[in-house]
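# Chains, contacts and geometry: an overview
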Amino acid sequence: MMATQGIAQETGGPLPDLGVAKQVVTTCAYCGVGCGVRLNIDANDRILWVDDRPTNPSSQGMLCVKGRFGLTFVNHEDRLTTPLIRRPSADGGSVLEPASWDEALDYVAEKLVEHRGSFAMLTSAKATNEDGYVLQKLARLLMQTNNIDHCTRLCHSPSVEAMLRQLGSGATSNSYEDFDNAGCLMVVGSDTSSNHPVIASRLRRAIDERGARLIVVNPKRIDLCDYADYFLRPNPGTDVALFNGLAKVVIDEGLADGAFIASRTEGFEAFRASLAGYTPDYVESVTGVAAADIRGAARLFARPPKPRGPDVDPSRPYGGSCLLWGMGVTQHTCGTDNAYSLLNLALVTGQVGRPGNGVSPLRGQNNVQGCGDAGCIPDNLPGYQGLGDANRSKFEKAWGLPLPGERGLRATEMFEEAAQGNLECMYVTGENPLLSEPYIHHAEEAVKNLKFLVVQDIFPNETTQYAHVVLPAASFAEKEGTFTNSERRVQRVRKAIEPPGVSRPDWDITADLARRIARRLELPVDQFAWRSAAAVFDEMASLTPILGGISHERLDALGDEAIQWPCPTPDHPGTKRLYDETFAVGKAPFVPVEQGPPAAELPSQRFPLILNTGRILYHWHGGTITRRARTLLARAPELQVAINPQDAARYDVKEGEDIVVYSRRGELAGKALLTEAMRAGEIFIPFVKLRDANANYLTNAVYDPKSRIPEYKVCAVRIEKPGAPQAWRRGRRGAGAKERA
Ligand code: SF4
């Protein structure tokens, strides 16, 4: 039988001759569910197909279309294969030209030293934990800055902000198996079937097989609504009112968990007082959700039935409730207040820290959890160790130099500072901010302001077009390392094929660059002298208590099982559920929040519709990768604008017709998709860039003041048919199309 890397023993008979030269067990590179995959590789290092892993506890043999058919992007001809340096071109402009690693890295090292003091780093939640650790070490130790961040700023920074304050950790409290064992599942602002399809399958299974009940909270009708007991459809930007209203019903009807509140929380009386005005009738008037549904959903969440089958929590007379949420509730100017209101509901009902319950912000990219764990955030060292003296001194002792103590710039602040000319140099790895930032024309201006930009990635993209140097990185299939999924499970990533051209793993490129910077600064290079990703992990684990007992060696011995952090020692089994006994902050504080004013940009006569943005099943984020997976692109080749049929009739738009969407900041063309999933007055456009159209040409660069997440969910737009008489702005594209309200 053919050897399978990464697993001690594979069962089954001999394989038929399908051209498979090698099989490698690794982890899907798309979303934070973290499904186990087995890559079947031919003799030319091409992925032939992908198998699921029935023994992987996170995915249990399931894969979605992206994991099953979308990982072939690694073999795409567009891959970056050599370093590129921008040089003057014959026409007086400039062009990226191939260079050797020595030339490129020496040049980058020289420029980073030159701009030390005005430097920021955007790291990648697609890269491994090891990649992230080395990147943040370069920034903190050599560039002496905490200006490090990653895409969590654009998805779950409000969740992390609120969870750190109220619970002491920004991570999901439970395991996926708690979804299986819940009596009630409340899914808020998440189109789970599109964004985290394998989680959606587990939710459906819990409903079908164990009798779990479902509450969906979403302005858009999602597939899971077919299974829902309650579908609450709040007006955009009114989530705080809704969740305050749910909490008030729980308290007023005597459904609060008094013992839990007394022993595990603080600030309850002030919280109760803050809810005085949030009666179901008032909340209905603000949110549009019927008062009867508010009462019914509150009762179900607080007193869910016990699921059928084995009782996982005999100590309680009723079942557990899991609260899951996505970016529909966080990507708002009030995103952090929304997250506080969700956590308040979990605390008042005692629905955290027990089997079958918990709080779960569904993480976007494959390693967004691990990227934060590895320290790629501006306010914490690896393992969420704050920047205070004691923690810094521990790292200074290990790393041999003083470290900066001031909080660094967050991702969105980096672009604001660059736009104002206050930031000179950026190192961007595995991210494409000129597709993911709101109000792209504004972000382009910011990037053009930089004196030096280095981009490290696997494909050329919108951001590499502005780079002074481009460094070619290895993909997930071409390197060793680990990803950490949404249930804190640290899983192995294994090298299956050789990287194309001279591309290299991110950690290896960054360590090489760091040694060149260290030499220029006359510092020792031994802090960046690892010989393997395993050695990088060992150093990270030695300084990071939550990972202290994990190593590549231990993970390889465990096979598919992997380990959930916290895992402080090599004999610790890992932790399925946080907060069984206590919160990391001690007693969890209630944080009263008030429903704020309406969203920053409301519909007007000229822009009468509200745009909501998000993802779709067949594409991932901006589509830089999924557009290079032939099967996925074939299923979704064009940008579709989802419109309610009433609006379509009002604007005389037919199914599949070309339309143009305008906001105050730009425009895009797409095909009309008529669907009752949208309410009248609201449209939906996915983030993916297809045929030069991307929703972020329209979105608004306004931010939640607490987490600095942009407003991606509410922006005023109008639709027109191309060439229609009212298309008064034709020919005035993009930033130039800025318009009076
Ligand atoms: Fe990959 Fe996420 Fe799909 Fe699983 S659910 S196969 S991790 S994209």
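Keep in mind that this is a model prediction, so the values were computed, not measured.

Our focus in this paragraph is the overall build of the protein. Helix and strand content of the protein: 25 helices and 31 strands. Taking 27 Å as the expected radius of gyration for a compact globule of 741 residues, we find that the protein reaches 25 Å, a close match to that expectation. Counting only C-alpha atoms and orienting by the principal axes, one finds that the protein spans roughly 70 × 70 × 60 Å. Within the protein, buried positions represent 63% of all 741 residues.

Moving on: the sheet that holds strand β20 (residues 481–484). Taken in spatial order, the 3 strands make up an open sheet running β20-β21-β22, and their pairing is antiparallel. Strand pairing shows two members of the sheet lacking a second neighbour, β20 and β22 (563–564), which therefore form its edges. Both strand β21 (residues 489–493) and β22 contribute to a ladder of 2 bridges, which runs antiparallel. Paired with Val490 across the strands is Ile563, a residue of β22. Packing against the sheet, helix α3 (residues 129–142) makes contact with β20 and β21, and its axis sits at approximately 95 degrees to β20.

As a further point, take the packing of aromatic side chains. All told, the structure shown has 14 aromatic pairs when counted by the stated rule. An angle of 85 degrees between the planes, with centres 6.3 Å apart, marks the rings of Phe260 and Phe583 as edge-to-face. Here Phe583 lies in the loop between β22 and β23 (588–589) and Phe260 lies in helix α10 (residues 258–264), a separation of 323 residues in the sequence. Here Phe260 and Phe583 have matching classes, each one buried. With centroids separated by 5.1 Å and ring planes inclined at 75 degrees, the aromatic side chains of Phe395 and Trp399 adopt a geometry described as edge-to-face.

It is worth spelling out helix α20 (residues 440–449) at this point. Residues spaced three or four apart along an α-helix face the same direction, because each turn holds 3.6 residues. The complete set of buried residues in α20 reads Ile440, His441, Ala443, Glu444, Ala446 and Val447. The inward-facing, buried residues of α20 abut α18 (411–419), α19 (433–436) and β18 (452–457).

Looking now at unusual backbone geometry. The omega angle of the peptide bond from Trp565 to Pro566 is 5 degrees, so this bond is cis rather than trans. Although it is not a glycine, Glu522 adopts a positive phi angle of roughly 55 degrees. Phi angles above zero are rare outside glycine, and Ala562 is one such case at about 55 degrees. Of the residues examined, Ala562 reaches a relative accessible area of 10% and is grouped as buried.

Turning our attention to the sheet that holds strand β7 (residues 119–122). With respect to topology, 7 strands assemble into an open sheet ordered β6-β5-β19-β18-β17-β7-β8, the strand pairing being mixed. In this open sheet, the two edge strands, each paired with only one partner strand, are β6 (94–98) and β8 (148–149). Pairing geometry for strand β5 (residues 84–88) and strand β19 (residues 469–472), over 2 bridges, is antiparallel. Directly across from Ile85, in β19, lies its bridge partner Val469. In the packing of helix α2 (residues 101–114) onto the sheet, the strands contacted are β5, β7, β17 (425–429), β18 and β19, and the crossing angle to β19 comes to about 130 degrees.

With that settled, the discussion passes to the domain arrangement of the protein. Each assigned domain of the protein is listed here: domain 1 (2–75), domain 2 (100–154 + 367–467 + 503–564), domain 3 (157–361) and domain 4 (609–738). The straight-line distance from the C-alpha centre of domain 1 to that of domain 3 is 35 Å. In this assembly, 12 residues from domain 1 lie in contact with 11 residues from domain 3. In total, about 820 Å² of surface goes out of reach between domain 1 and domain 3, with carbon and sulfur atoms giving 63% of it. When the buried area of domain 1 at its contact with domain 3 is split by residue, Val33, Gln60 and Met62 rank highest and sum to 53% of it.

Here we come to the pattern of salt bridges. Counting across every chain of the model gives 47 salt bridges. A salt bridge links Asp178 to Arg577; its shortest N-O distance comes to 3.2 Å. Of this pair, Asp178 sits in helix α6 (residues 176–180) while Arg577 sits in the loop between β22 and β23, and the two are 399 residues apart along the sequence. Taking the shortest distance from any N to any O, the salt bridge between Arg516 and Asp512 comes out at 2.8 Å. With a gap of 4 residues between them, Arg516 and Asp512 both fall in helix α21 (residues 506–520), about one helical turn apart. The two residues Arg516 and Asp512 agree in class, both being buried.

This next bit is on the environment of Tyr466. With respect to the secondary-structure elements, Tyr466 resides in the loop between β18 and β19. The class for Tyr466 is partly exposed, based on a relative accessible area of 26%. Distance from Tyr466 to Glu601, taken between C-alpha atoms, is 30 Å for residues 135 residues apart in sequence. Not counting chain neighbours up to four residues away, the residues in contact with Tyr466 comprise Arg86, Leu434, Glu444, Val447, Lys448 and Leu453.

Moving on, we get to the site of the ligand. If you check the shell around the ligand, you find Cys28, Tyr30, Cys31, Val33, Gly34, Cys35, Leu63, Cys64, Gly67, Pro197 and Val198 and nothing else. Broken down by class, the residue content of the shell around the ligand amounts to 9 nonpolar, 2 polar and no charged.

Here is what the cut-offs are and how they apply
Numbers given to residues run from 1 along each chain, matching the order in which its sequence is written. In keeping with the predicted nature of the model, local features appear solely for residues at pLDDT of at least 70, side-chain atom pairs appear and are counted solely at 80 or more, and the whole-chain, interface and lining totals rest on all residues. Think of the side-chain values as coming from all heavy atoms in the structure, minus any hydrogens and water. Runs of H or I in DSSP of at least four residues are treated as helices and runs of E of at least two as strands, each being numbered from the N terminus. Our radius of gyration is a C-alpha quantity, and the globule rule it is checked against amounts to 2.2 Å times the number of residues to the power 0.38. Only protein chains enter the area calculation, which uses a 1.4 Å probe; residues under 20% of their type maximum are buried, those over 50% are exposed, and those in between are partly exposed. In this description, strands pair whenever DSSP reports at least two bridges between them. Two residues qualify as a contact provided that any one of their heavy atoms is within 4.5 Å of a heavy atom in the partner residue. With axes taken as lines fitted to C-alpha atoms, and helix axes fitted only over the stretch in contact, angles between N-to-C directions fall between 0 and 180 degrees. In summary, the pairing rule links any two rings of Phe, Tyr or Trp, Trp by its six-membered ring, whose centres are within 6.5 Å, and it sorts them by plane angle into stacked for under 30 degrees, edge-to-face for over 60 and tilted for everything else. What marks off one domain from the next here is an automatic or database domain assignment. Reported buried area values correspond to the accessible surface (1.4 Å probe) lost by two parts on association, with both partners' losses combined. Salt bridges are counted wherever a side-chain nitrogen of Lys or Arg sits within 4 Å of a carboxyl oxygen of Asp or Glu. One heavy atom suffices: a residue is near a molecule or strand as soon as one of its heavy atoms comes within 4 Å of it. In this count, Pro and Cys sit with the nonpolar residues alongside Ala, Val, Leu, Ile, Met, Phe, Trp and Tyr, while Asp, Glu, Lys and Arg are called charged and the others, Gly among them, polar.

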